[in-house]
Amino acid sequence: MSSASVREIVQTFETIDRDALAALSEKGRADPTAVRTVRARPIAEGRRFRHLNYVRNLDAHVVDEPPGLLGDDTAPNPTEALLAALGTCVAVGLQANAVARGWTVRGIEIESEGDINITSVWGTGDLSPKAVGLTAVRLTAHLDIEGASQAELDDLVAHAGDWSPVLNTVRNPVAVSLVRNR
C-alpha cells in the first residue's frame, strides 16, 4: 500500500468521547426502528467523466476516472470511492467499539482493494456474459489499540464487519431503483 502510515498522518490520535458514544448508543437502543434517509447528488461537471458530488451542506467532492478510462485523473473513480467508503465505515466501527470497550485507540488503517472486469466499458464495450462490478473485495485492518489481547482485536474486527452499514450494503442484496425523471 502506498499510503502514509497512521503515524505519519496524525501525531496525536484524537479519539471520540466515550460518554457521547454511550449516549448515542442509548438513543439507538431506545428506538431500534429509527430509519434515516441519506442523500448524495452527483452532477456531471462537463469535463469528461468528472462529477461533483454534493452531500448535506458540504462542499462538493470530485469523483473522476483515471486516464485509462478516459478521465482526467483528478480524484478517485466511483469504484475507488466505494472502497474508500467501505474502509472508512469499518474504521469508524472499529474506533467506536474499541472506545466503548475502554481501549486506547492510537491508530486505525484499513487497506481495501477489489477486483473488477472493466472490459464492458459501462455497457459500450465487450458485452459478453460476465460479472459486472466488483467480484472480490479484500479488507485488512491495521490496528494500534492498547488494552486488548490479540483475540479481542480479532473479535473487534469481526464485530465491526457484522455491524458496518456500508459493508453490509455490499454484502447483502439491497433494493435499488434507477428511473429517469420525467
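Our subject is the structure listed above.
Since we're looking at a predicted model, the values are computed, not measured.

K.L.:
Explain the overall build of the protein chain to me, please; I cannot follow it from the model alone.
P.N.:
Of the regular secondary structure elements, the protein chain holds five helices and five strands. Helices and strands appear in the protein chain in the N-to-C order α-α-β-β-β-α-β-β-α-α. Each of the three principal axes of the protein chain carries a C-alpha extent, and together these read 50 × 40 × 35 Å. Classification of the 182 residues of the protein chain by burial places 22% in the buried group. Taking the contacts inside the protein chain whose residues are at least 6 apart along the sequence as the reference set, 50% of them involve residues at least 24 apart. When the accessible area of the protein chain is evaluated, it comes to approximately 13,100 Å², of which 55% is carbon and sulfur surface. Distance from the positive charge centre (18 side chains) to the negative charge centre (24 side chains) of the protein chain: 9 Å.

K.L.:
Where do I start with the packing of aromatic side chains in this structure?
P.N.:
Remark: the centre distance and the inter-plane angle together describe each pair of aromatic rings, the angle taken between the planes. Counted by the stated rule, this structure contains one aromatic pair. Judged by centre distance (4.9 Å) and plane angle (55°), the rings of F49 and W122 are tilted. Highlighted residues: F49 in the loop between strand 1 (41-44) and strand 2 (51-54) and W122 in the loop between strand 4 (104-116) and strand 5 (134-146), separated in sequence by 73 residues. Judged by relative accessible area, F49 falls into the partly exposed class, the value being 32%.

K.L.:
Explanation requested: the sheet that holds strand 1 in the structure shown.
P.N.:
Hydrogen bonds along the backbone pair up the strands of a sheet, which may run parallel or antiparallel. Reading across from one edge, 1-2-3 is the order of the three strands in this open sheet, with antiparallel pairing throughout. One side of each edge strand has no neighbouring strand; the edge strands of this open sheet are strand 1 and strand 3 (61-63). In this sheet, adjacent strand axes meet at a mean angle of 30° when their direction is disregarded. One ladder, built from three bridges, connects strand 2 with strand 3; its direction is antiparallel. Note that in strand 3 the partner of L52 across the bridge is V62.

K.L.:
Is there a simple way to think about unusual backbone geometry in this case?
P.N.:
Leave glycine aside and you will find that most residues have negative phi; peptide bonds, for their part, are mostly trans. With a phi close to 70°, L70 is a non-glycine residue in the positive phi region. You will see that V121, though not glycine, has its phi angle at about 45°, which is positive.

K.L.:
I tried to follow the pattern of salt bridges on my own but got confused; where do I start?
P.N.:
Once their charged atoms are close, side chains differing in charge can pair, the charge on each being opposite to the other. Overall, the coordinates contain nine salt bridges when judged by the stated rule. With a closest N to O distance of 3.7 Å, E45 and R47 form a salt bridge. Judged by its relative accessible area of 42%, R47 falls in the partly exposed class. A salt bridge links E146 to R106, with the nearest nitrogen and oxygen atoms 2.5 Å apart. In this pair, E146 is assigned in strand 5 and R106 in strand 4, connecting sequence segments 40 residues apart. Since its relative accessible area comes to 39%, E146 is described here as partly exposed. Residue classification places R106 among the partly exposed residues on the basis of a relative accessible area of 35%.

K.L.:
Would you mind going over the environment of A81 with me for this structure?
P.N.:
By secondary structure assignment, the location of A81 is in helix 3 (residues 78-100). The sequence separation of A81 and N181 amounts to 100 residues, and the corresponding C-alpha distance is 25 Å.

K.L.:
In this structure, what is going on with the nonpolar core? I would like to understand it.
P.N.:
Counting 19 residues, the largest nonpolar core has L94, I145 and L156 as the members making the most contacts within it. The set of elements that each furnish at least two residues to this core consists of helix 3, strand 4 and helix 4 (150-163). At eight residues, the largest contribution of residues to this core is made by helix 3. Setting aside residues no more than four positions away along its own chain, I145 makes contact with A98, W103, T104, V105, L153 and L156.

K.L.:
Help me understand the environment of R48 in this model?
P.N.:
Mapped onto the secondary structure, R48 falls in the loop between strand 1 and strand 2. A C-alpha to C-alpha distance of 21 Å links R48 and D126, two positions 78 residues apart in sequence. Setting aside residues no more than four positions away along its own chain, R48 makes contact with L70, G71 and D72. Here D72 takes part through its side chain, which lies 3.1 Å from a polar atom of the side chain of R48.

Parameters and conventions
- Residues numbered from 1 in each chain as written.
- Predicted model: local features only at pLDDT ≥ 70, side-chain atom pairs only at ≥ 80, totals over all residues.
- Heavy atoms only, no water.
- Helix = DSSP H or I, 4+ residues; strand = E, 2+ residues; numbered from the N terminus.
- Buried < 20%, exposed > 50% of the residue type's maximum accessible area, 1.4 Å probe, protein only.
- Contact = heavy atoms within 4.5 Å.
- Areas by Shrake-Rupley, 256 points an atom, 1.4 Å probe, with all protein chains shown as cover.
- Lys, Arg positive; Asp, Glu negative; His and termini not counted.
- Charge placed at Lys NZ, Arg CZ, Asp CG, Glu CD.
- Phe/Tyr/Trp six-rings, centres within 6.5 Å; stacked < 30°, edge-to-face > 60°.
- Pairing = 2+ DSSP bridges.
- Axes fitted to C-alpha atoms, helices over the stretch in contact; angles between N-to-C directions.
- Salt bridge = Lys/Arg side-chain N within 4 Å of Asp/Glu carboxyl O.
- Core = buried A, V, L, I, M, F, W, Y, C linked by side-chain atoms within 4.5 Å.
- Polar contact = N/O pair within 3.5 Å; in protein donor to acceptor, adjacent residues only side chain to side chain.

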